[in-house]
Amino acid sequence: MYATTHVPSAAAPVAPDEVAAAVVAAAGSPAPIDLLARVFDTLQALVAHDSASDERSTSIPSTPGQRQLGEWIAATMRSFGAAVEIDAHGNVLGALPGAGAGVSAAPLALMAHLDTARGTVATPALQRVAAWRGDRVPYAGNADLRVDIATYPSLTAFCGQTVVHGEGRAPFGLDDKLGLTQILTLGAWLAADGGDRPPLLLIARPDEEIGRMAAVEGLSEALRDRGVRLGWTIDGIAPFEINVENFDAAMVRVTLPEATMATRVASAGDDGPLRAGLRLVIGGVNTHGATAKAEGHRPATRLAAELLDALAAAGLGAEFVAPCGFFSDSERDCDGVLELGVAASAPVDAEDRVAACAEAIVAPHRARGASLALARVQGEVNGWRRSYAVSAALRLVGDLLADRTVVPVAAEDSDGRQGYSQPFRILPVEGGVRLDVRLRDFDPALLDRRAAAVGDRCPAGAAVERVDQYVNMGPQLRGVSALIDWPQAAARLLGLPTVVQPIRGGTGVDPFLSRGVAIGNLGTGDFAPESEKELTSLEMAAAHVRWLAALIAIAATAGTPRTDAAA
């Protein structure tokens, strides 16, 4: 790791209108290429590729689309003079030699991932709104969405700019195709500019979204062998953010066997015959975990648990209306299908009352993307059976959200340096169901307390498994001042604001750190990544390219940070 005696303190958050003014000013400055056109063409070409990763696959990359996109990226890198190789795992490495004062400088790496999350849809034609003034963004495929400054004040950062978005039906892949766009546009800039630069590696890596670390192990060794000791992933969200810290992460899987729950959860009167069924398709508010509070995230698991509580309060408890099934969507964890059986002994208006309660639960979230479709089932209801495992899972969701052992609990109630314990997904398994709870915190001890709190609230007979996922890079990067100082200095040259803040997620850089390659993270300037609402602007992306170009120029003459020892 690099040794230093000073790490700058985190900058105060910058007001969105200040960001907008700085972005518009930067966009008007001369550049060696037509930045706005290059950004748009590159982003549109990238998002037209289906490169979603698939955790069910055993290959690396996990999907053929990532290989195909990698070939396109390699061709683009060659077009601006990079020497390109694609390794066995699909990592694309484009090497640019040092130039001018940076010929003998230490090499740097800039990375983005070429895969996208489940549910991302290839989009051949992006929509544009010129000189956007903060009014409602016109999503052609989703008239219910209300994305404007009144609903999301942070969008002020995009005022006066050319906003770019999709149809509003599904995410189109700004995470991390916006980062790739900025890296590839930077390569074209450097080729046309001919200024000072250190030796540079531009990298596109596969399967980041599903944590396939085998690909990163080989890549980290390649960087170490090439003498790279410093670099950044271009994978942040906020404009001009600098990150050298991320969550510790784990998941708790709670398996609830049907037979066991039937003996422990059922109450007298819960097993009478059913006269009707209701199938509710619940669309949650889809957001990235990092922006859950700002964007009003709501998973279907929470909405379904709230519905059961509302029904009980309205006199329609489990003896009258009982879960028969719950299935989280395989593409969007925030969505789900809840099946409710209506007992023969239930009030005659029970179905109407369930529909009214469900609408009351979902309606406050429709403008942010929630939805509800309810179908009444008569002919097949005799084949439905009460599921005590589903009842136990949804009851556990409610218990966890109400728990105050470690707060906040839900991702949508957490921001800044707060962690969360999100019961986000219910899946059918043999003999029952499984509830998955996502745990995040910046303090390992608090992460342990969160895991313990989940176990403490599980019903007897449930099987509880903890799976650790990734660790905070902060302790290993403490003292690597160049990761903060250089991007801040580059931004000052351009009059752009920066903010140093932790990543409310992870970047999967552990193998680099263990090999003495210090990797920080930089923002890209997008809104609502991994959701149907996602957008950016051409000016915002261009300003980030300028930021990277200034960072590269600083690195060419800043000298090599002293290293005490490589791990």
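Residues numbered from 1 in each chain as written. Predicted model: local features only at pLDDT ≥ 70, side-chain atom pairs only at ≥ 80, totals over all residues. Heavy atoms only, no water.

Enquirer: Could you give me a rundown of the packing of aromatic side chains, with the residues and numbers involved?
Expert: Per the counting criterion, the structure on display carries four aromatic pairs. Between phenylalanine 240 and tryptophan 547, the ring centres sit 5.5 Å apart and the planes meet at 75°, which makes this aromatic pair edge-to-face. Here phenylalanine 240 is found in the loop between β7 (230-234) and β8 (241-243), whereas its partner tryptophan 547 is found in helix α14 (residues 538-557), with 307 residues between them in sequence. Of the residues examined, phenylalanine 240 reaches a relative accessible area of 0% and is grouped as buried. Among the aromatic residues, ring-to-ring pairing joins Phe247, Tyr420 and Phe442 into one connected group. (Phe/Tyr/Trp six-rings, centres within 6.5 Å; stacked < 30°, edge-to-face > 60°. Helix = DSSP H or I, 4+ residues; strand = E, 2+ residues; numbered from the N terminus. Buried < 20%, exposed > 50% of the residue type's maximum accessible area, 1.4 Å probe, protein only.)

Enquirer: I'd like a description of the pattern of salt bridges, backed by residues and values.
Expert: Inspection of every chain in the model, using the stated rule, returns 28 salt bridges. Between arginine 302 and aspartate 413 there is a salt bridge; the shortest N-O distance is 3.9 Å. Of the two residues, arginine 302 is situated in helix α7 (residues 300-313) and aspartate 413 in the loop between α9 (388-402) and β14 (420-429); the sequence distance between them amounts to 111 residues. Residue arginine 302 is classed as buried on the basis of its relative accessible area of 14%. (Salt bridge = Lys/Arg side-chain N within 4 Å of Asp/Glu carboxyl O.)

Enquirer: Requested: an account of the packing of α7 against helix α8 (residues 350-362), with residues and values cited.
Expert: The relative placement of two packed helices is expressed as an angle between their axes plus a distance between the axes. As a packed pair, α7 and α8 sit with axes 9 Å apart at the nearest point and diverge in direction by 135°. Here α8 runs oblique to α7, going by the angle between their axes. Like other packed secondary-structure pairs, α7 and α8 cross with a definite hand, here right-handed. Across from Leu303, Glu306, Leu307, Ala310 and Leu311 in α7, the residues of α8 making contact are Val354, Cys357, Ala358 and Ile361. (Axes fitted to C-alpha atoms, helices over the stretch in contact; angles between N-to-C directions. Parallel < 35°, antiparallel > 145°, perpendicular 65-115°, else oblique. Left-handed = near helix turned anticlockwise from the far one by under 90°. Contact = heavy atoms within 4.5 Å.)

Enquirer: Talk me through the pairing of β7; I want residue IDs and the actual numbers.
Expert: The buried count for β7 comes to five of five residues, which makes it a mostly enclosed element. Neither face of β7 is exposed, since Leu230, Trp232 and Ile234 on one face and Gly231 and Thr233 on the opposite face are all buried. Where strand β3 (residues 108-113) meets β7, four bridges bridge the pair, whose relative direction is parallel. Bridging across to β7, methionine 111 finds its partner in threonine 233. The pairing of β7 with strand β18 (residues 518-522) spans five bridges and is parallel. What sits directly across from tryptophan 232, in β18, is glycine 520. (Pairing = 2+ DSSP bridges.)

Enquirer: I'd like to hear about the sheet that holds strand β12 (residues 336-343), residue by residue, with values.
Expert: Ordered by their spatial adjacency, four strands build an open sheet running β11-β12-β10-β13, and the pairing between neighbours is antiparallel. A strand with exactly one partner marks an edge of an open sheet, and here the two such strands are β11 (321-328) and β13 (371-377). Averaged over all pairs of adjacent strands, the angle between strand axes in this sheet comes to 20°, irrespective of strand direction. By the bridge criterion, eight bridges tie strand β10 (residues 274-283) to β12 in an arrangement that is antiparallel. Looking at β12, one finds that arginine 279 is bridged to glutamate 339. Contacts from α9 reach β11 and β12, with the element oriented near 80° to β11.

Enquirer: Describe the environment of alanine 549, naming the residues involved and giving the relevant values.
Expert: Within the secondary structure layout, alanine 549 lies in helix α14. C-alpha of alanine 549 to C-alpha of valine 121: the two residues are 428 residues apart in sequence and 31 Å apart in space. Apart from the residues within four sequence positions on either side, alanine 549 is in contact with Leu186 and Trp189.

Enquirer: Explain empty space enclosed by the protein to me, using residue names and the numbers behind them.
Expert: Applying the stated rule across the entire model yields three cavities of 30 Å³ or more. In this model, the largest cavity occupies a volume close to 60 Å³. Taken together, Leu400, Asp403, Val406, Val409, Ser421, Arg450, Ala453 and Val454 form the lining of the largest cavity. The element that contributes the greatest number of residues to the lining of the largest cavity is helix α10 (residues 444-457), accounting for three residues. The residue inventory of the lining of the largest cavity, partitioned by class, reads five nonpolar, one polar and two charged. (1 Å grid on protein atoms, 1.4 Å probe; cavity = no way out; pocket = protein on both sides within 12 Å on 5 of 7 lines; lining within 4 Å. Points joined across faces, edges and corners; volume = space filled by probe spheres on them. Nonpolar A, V, L, I, M, F, W, Y, C, P; charged D, E, K, R; others polar.)

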